[in-house]
Amino acid sequence: MLRIALKDLLARKRRLVTTSVAIALGIAFLTGTQLLSGILSDSIKSLVGDTYDGIDAVVRSSKVQEVGFGNEIRTPVPEGLAGQVAEVGGVRASSGIVETITAQLVGKDGKIVGSSFGPPTIVYNWVEDPQLRFGTLREGTGPKSDGEIVLDFGSAKDGGYKIGDTVTVAGQTQTEQFKLVGLTGLGKDGKDSGGAKSLQFTTPVAQRIGQIPGEFSYIVAAADEGLSQDELAKAISAALPGEQVVTGERFSTENQESISQFVDILGTFVSVFGYIAIFVACFIIYNTFSIIVAQRTRETALLRAVGARRRQVLAATMLEAVVIGLVSSVLGLILGAFLGTGLAKAFSSSFSVKGGIPPITAGTVILAFVIGVGVTVLSAVFPAWRSTKVPPIAALSEVSVDRSDVSRSRLVWGIVMLALGGVLMALGLTDTGPNPIGEVGASALLILVAVALVLGPLIAAPMSRVLAIPFAAGGRITGRLAGENAARNPKRTAATAAALTIGVTLVTVIAILAASLKASIDNTITNSLKADLVVNTTTFAIGTGIPANIADQVATTPGVKIASPVRFGPVRLTDAAGKKYAKDNPEKKGPGAGLSGTADTAPSGEDSFMLGVDPATFFEVLDLGTLDGSPKDMAAGTFATTRKTAEERGWKLGDKVPMFFARSGEQELELKVIAQRDIGQSSLYLPLTTFEQVVPPGFNIDNAIYVVADSQADIPSVQKSLDALVKDLPTIKVQDLQEYAQSQAGPLNTIVLVIYGLLALAIIIALVGIANTLGLSILERTKELGLLRAVGMTKKQLRRSIRQEAAIVAVFGTLLGLVIGIAFSVALSIVITADNPDIFSYQLPIPTLVAITVIGALAGVLAAILPARRAARLNPLTAISSV
Amino acid sequence: MSTSEQTTFAAAGAVDAVKVYGEGDTEVRALDGVTATFERGKFTAIMGPSGSGKSTLMHCLAGLDRLSTGRVFVGDTYLDDLSEAQLTELRRDKIGFVFQAFNLIPTLSALENVTLPMDLAGRKPDQEWLDQVIDTVGLRPRLTHRPSELSGGQQQRVAVARALASQPEIVFADEPTGNLDSRSGGELLQFMRHAVSDLGQTIVMVTHDPTAAAYADRVVFLADGRIVSEMTEPTAARVLDLMKQLGD
Ligand SMILES: Nc1ncnc2c1ncn2[C@@H]1O[C@H](COP(=O)(O)OP(=O)(O)O)[C@@H](O)[C@H]1O
Ligand SMILES: [Mg+2]
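Quick caveat, the model's predicted, so the values are computed rather than measured. Numbering of residues begins from 1 in every chain and follows the order in which that chain's sequence is written. All chains are assigned letters beginning at A, and all ligands numbers beginning at 1, according to the order in which they are written. Reporting in this predicted model follows two pLDDT cut-offs: at least 70 for local features of residues, and 80 or more for side-chain atom pairs to be given and counted; totals over whole chains, interfaces and linings ignore these cut-offs and use all residues. Each side-chain value is derived from all of the structure's non-hydrogen atoms; neither hydrogens nor water enter the calculation.

Let us now look at the pattern of salt bridges. Salt bridges are defined by distance alone: a side-chain nitrogen of Lys or Arg within 4 Å of a carboxyl oxygen of Asp or Glu. Within this structure, the stated rule accounts for 37 salt bridges over all chains. The partner of A:Arg781 in a salt bridge is A:Glu805, with the nearest N and O atoms 2.7 Å apart. A residue pair is termed long-range when its members are at least 10 positions apart, and A:Arg781 in the loop between helix H21 (737-780) and helix H22 (782-790) and A:Glu805 in helix H23 (residues 795-835) qualify at 24 residues. Across the pair, exposure class does not vary: A:Arg781 and A:Glu805 are buried alike. As a salt-bridge pair, B:Arg183 and B:Glu187 come within 3.4 Å of each other at their nearest N and O atoms. Of this pair, B:Arg183 and B:Glu187 both sit in helix H7 (residues 182-197), four residues apart, roughly one helical turn. Counted as one network, the salt bridges with shared partners bring together A:Arg465, A:Arg480, A:Glu484, B:Glu112 and B:Arg146. Only DSSP runs of H or I with at least four residues qualify as helices, and only runs of E with at least two residues qualify as strands; both kinds are numbered from the N terminus onward. Accessibility here uses a 1.4 Å probe with only protein chains present; expressed as a share of the type maximum, an area under 20% marks a residue as buried, one over 50% as exposed, and anything in between as partly exposed.

Structure representation (structure tokens):
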């Protein structure tokens, strides 16, 4: 019996491969991204390790502020500390280090080097001791005077600079020019390039650009010969008990971890799409096995008639599933290895990637096999179990095709599943159930399965006929045949289409959410922002902003009535709600080894962001509805918020709310103003007088300046005067409200494009599924196709008919996806609106949805090309005479 | 009918037709120099033992297969000169087919099956002729049925109607009654006879049943890929006699 199954399998190698490809693609994606993360992490680790190799101890402040995405900023230490460290016994060499993210490198073309989302640009001071210096000098010299700069060679190349060139640096206070005198690199010989762009200046210049005059970010030290890192750290902390001292090893690990964390988050995000792809592949495996089992009904019955037991029939089919699973896993692993190393190569332009054998771990291999075999076997179980129900008598019947009818119980089941999905969705979205994300996910799954597999077959036949109408217009028989062929096996059509439905559903939801968010941003800006112009930062990198002197110059420009600057910074809320949050979401990192002296001193709380505003003008420029309290009362030590936040956190006017800032410690601010409307950005507004005292270096800079023109002023000419003010500042633009809205939505576009790209995988797999089903159906219809060719259907007509059939199935799947996607998006929007009643505006991007449908249809046609060709190649004579 | 067709005596024919399958030891000469013509407006039967080349001859005449050497023609067209695509069009426009089984597209209604070749050509059927054909084979009440809802005999009648509907040069039928009981078979043969006598059609039918052959105007006997005999105005008894003689 097993031998029969194996033989059967080998005889159908093509089917084996096409079926495997669907799962293999998903596995390749998963293992490929895992490998990529592995390669990147390894490279980063070795780069960081090399970089901090010579440092044995780091002395730093214990005051630290989280600034989002796992990044933290430590409060600087006074300059004088460097001298104290140098005097500690056991310190061979030491140096104060300036390390800030307060400047951008401007390339020869006038554009900022690197992207806002890429690795940061870091300002360093030049350290004389090569062992303690960041990077290795590979060319030229260090900066001898304040007018000189050293760059890492990668950034110099990207900016188009050579040694001797004049380099432009956009700092927070001004844009300056320096002479390039040296190039550094990472690694022992300075050959490698690493993510961060480094700008190195003399210490005073670095302190000025870094906004920490008289301070260092931290102090590094190297130990005397024979002294271990631990011993050195202990010696220093004994001498300077008020500071935090960590070993060089720990410092290096911390740095590695913060970068690896980012790589990991990215990897997790990307792998979600791999799992979606595999879910799609499940449908294909399920469908393929259903078809195979149906086509084999007679064979199975014959086996049963000659005495095969049910268990043997089941085992034979499951064996096939296991083999397909194994083939998929191996194929997927091989493809994944290529994908991972290929992607890593693509990254190697921005930093050195270690070559050699990709770090395929046992985990990766196990994942590939567990998913490959597991998913295939699970997907095949139901069809296989059905095959055991074939009675021996079926051997005598003519029918070899699954024609079992779509029944009333199917309808009932479908509706039950839909209802259950709806309830779960409601629970999840309204946050009333125990695990909102799990509930939404499960409900999405249920609804998809209900619509695609249970209800889909009920509508597949009539829908196919309707969709065939344009193809059959004017009595064209190819279109009519295409429609009938899509309709003749509703279950098969529905399952095939379902694979596509999943991808289209997700694309639709993303498209609608993106359009709605964009519309919401537009609305918010037009409804709330009473400014005529905005002086805005065009990069999103932390630490970039508008030089301090610009705001005053804007305010005094003729025609400007109000210039209201806004700053943006981190805060930790240590109120009751914040403490509760911290308790529910405990931080993972502990004190660990290698740390001595004072441990981190931040109190527990919830990290958030605040805006620094000028109370006198801000509430005039930004309409936040009725205000409780008066902005006039917003002296130093006060703040404003929105009603939504106040209600959520239980704050009342006049409350003293505790907040923690690394720079100034924990302090209580008095709530003086509660605004009616919440426009979704940060809802903590601090007067600039307070803001300036509490933010970490790098954040004390205007992010935007809202400008209101005099009522009789000509706005374009005001804009011209403002343009002139910022013409030398490459990161600053003067925008009207429309441009401002567009620039605010900019990052959204990028993210949406990336998600579309990742979802393409699920759609490609769905296409493999369409091709696969079509191939099997054609096999089943060999005789019919031969007959059609005999009575005069040309090859061209035959190919067209099959392409049209695929298009019908694809459009069916796409339309289902659109409908489900729109339903999901409506559900989501209800919840989002409940949370953000003032800003969210639901939007159906009709052109995008039409484009999705057209692409779906075209994709179907694409999938049909090969099966159609194969069908046209059939010799009518052999087709007719084949039994 | 065009003038050239009127002046042509034969509806189809073969000249020195040779069809060889395989090579060397496995070589089979399915047709071994067949020369024959099939008269316009006549019902011709081809008979012979199994494996004698009947189907091969028919397939080659109908443009479904190509000869190794020799020529075949339908109307005024030599098939050997035609491209694959031209052959397809010729089958669609000039030739009707009835196979032993599986003649119909299961997803199309009886009427759609009948008009299929014309629909493929994008031509409107001649309604008057179509009505005549449908009535001749007695299909009127079954036109909207799917093949699965028809009996075997009815299915073959639909096939005959389809073969005749486009007013082809010639209709080829390969054992059309082979899968039918004798009553339905008799009916079908009656319809075919009728189509020739009353509607002026030309039919060539392969059969090994003397009773079926008796409906034809002429019988051609094949053996080992050659024409070994022929008979006009056949009766079942005479055909059977001749078969016995040839069998010896
Ligand atoms: N495709 C083929 N390949 C090889 N031999 C064939 C093929 N088709 C027919 N033959 C051989 O050609 C001979 C004639 O076959 P056929 O025309 O089908 O005979 P009939 O229809 O009279 O029974 C037989 O010996 C048969 O085995
Ligand atoms: Mg035959």
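Now that the structure has been shown, we can carry on.
Attention now moves to the sheet that holds strand S2 (residues 28-39) of chain B. Through backbone hydrogen bonds, the strands of a sheet pair up, either in parallel or in antiparallel fashion. Residue and element names in this part refer to chain B. Taken in spatial order, the four strands make up an open sheet running S2-S1-S4-S5, and their pairing is antiparallel. Two strands close off the open sheet at either side, each with one partner strand: S2 and strand S5 (77-78). Pairing between strands is defined by DSSP: at least two bridges between them are needed. Two strands pair when backbone bridges link them, and strand S1 (residues 10-21) and strand S4 (residues 69-74) are joined in this way by five bridges, in the antiparallel orientation. Paired with Val18 across the strands is Thr69, a residue of S4.

Attention now moves to the sheet that holds strand S1 (residues 57-60) of chain A. All names here are of chain A. If you walk across this open sheet you meet the five strands as S5-S15-S1-S16-S19, and the pairing is antiparallel. Of all the strands in the sheet, just strand S5 (91-97) and strand S19 (595-597) have a single pairing partner and so form its edges. Taking each pair of neighbouring strands and ignoring which way they run, the sheet shows an average axis angle of 25°. Pairing analysis gives three bridges linking S1 to strand S15 (residues 218-223), with the strands arranged antiparallel. Think of each axis as a best-fit line through the C-alpha atoms, taken over the contacting stretch in the case of a helix, with angles from 0 to 180 degrees between the N-to-C directions.

We now examine the packing of helix H2 (residues 13-51) of chain A against helix H10 (residues 362-387) of chain A. All names here are of chain A. It is the contact of H2 with H10, at a shortest axis distance of 10 Å, that shows an interaxial angle of 160°. Our classification of the angle between H2 and H10 gives roughly antiparallel. Crossing geometry of H2 relative to H10 is assigned as right-handed. Judged by residue contacts, Ile23, Ile27, Leu30, Thr31 and Gln34 of H2 engage Thr364, Leu367, Ala368, Ile371, Gly372, Val375 and Thr376 from H10. For the contact of H2 with H10, the residue count by class is seven nonpolar, five polar and no charged. Each angle receives one of four descriptions, namely roughly parallel if under 35 degrees, roughly antiparallel if over 145, roughly perpendicular if within 65 to 115, and oblique otherwise. Note on convention: the crossing is left-handed when the near helix lies turned anticlockwise from the far helix by less than a right angle, right-handed when the turn is clockwise. Contacts are residue-level and defined by heavy atoms, with any inter-residue pair within 4.5 Å sufficient. In this classification, Asp, Glu, Lys and Arg are treated as charged, Ala, Val, Leu, Ile, Met, Phe, Trp, Tyr, Cys and Pro as nonpolar, and every other residue, Gly included, as polar.

In this section: the pairing of strand S6 (residues 95-98) of chain B. Residues in a regular strand project their side chains so that they alternate between the two faces of the sheet. Residues and elements named next belong to chain B. Neither face of S6 is left uncovered, since the one carrying Ile95 and Phe97 and the one carrying Gly96 and Val98 both have all their residues buried. Judged from the four bridges that link them, S6 and strand S7 (residues 170-174) form a sheet pairing that is parallel. Bridging across to S7, Gly96 finds its partner in Val171.

Residues and elements named next belong to chain B. Note: pLDDT gives the predictor's confidence per residue, expressed from 0 to 100. Averaged over all residues, the pLDDT of chain B equals 89, while 96% of them reach at least 70. Here residues 1-7 is modelled with pLDDT under 50, and outside its nearest four sequence neighbours on either side it reaches five contacts, counting other chains as well. For this predicted complex, the interface confidence comes out at an ipTM of 0.90, alongside a pTM of 0.82.

As a further point, take the domain arrangement of chain A. All names here are of chain A. Splitting chain A by domain gives domain 1 (54-246), domain 2 (421-523 + 745-883) and domain 3 (539-730). Boundary definitions for the domains trace back to an automatic or database domain assignment. On a C-alpha basis, the centroid separation for the pair domain 2 and domain 3 is 47 Å. Contact with domain 2, which involves five residues of that partner, is made by seven residues of domain 3. Regarding the contact of domain 2 and domain 3, the summed buried area is about 450 Å², with carbon and sulfur atoms giving 52% of it. For the interface between domain 2 and domain 3, the tally reads zero salt bridges. Within the side of domain 2 that touches domain 3, the residues separate by chemical class into two nonpolar, one polar and two charged. Buried area, as used here, totals the accessible surface that two parts lose on assembly, with accessibility defined by a 1.4 Å probe and the loss added over both.

Below, the discussion takes up the interface of chain B and chain A. Taken together, the contact pairs 23 residues of chain B with 22 residues of chain A. The junction of chain B with chain A conceals about 2,100 Å² of combined surface from both sides, 68% of it contributed by carbon and sulfur atoms. Of all residues in chain B, the largest losses of buried area upon contact with chain A belong to B:Phe102, B:Thr107 and B:Leu120, amounting jointly to 27% of the total for that side. Our enumeration of links across chain B and chain A arrives at two salt bridges. The closest approach of N and O atoms between B:Glu112 and A:Arg480, which form a salt bridge, is 2.2 Å. Contacts described as polar in this section are N or O atom pairs within 3.5 Å, which, within protein, must combine one atom able to donate a hydrogen with one able to accept it, while residues neighboring in sequence count only if both atoms come from side chains. Our count for the contact surface shared by chain B and chain A stands at five residue pairs in polar contact (both at pLDDT 80 or more). For the side of chain B that touches chain A, the secondary structure elements donating two or more residues are helix H3 (84-94) and helix H4 (110-121) of chain B. Tallying contributions element by element places H4(B) first for the side of chain B that touches chain A, with five residues. Counted by class, the side of chain B that touches chain A contains eleven nonpolar, four polar and eight charged residues.

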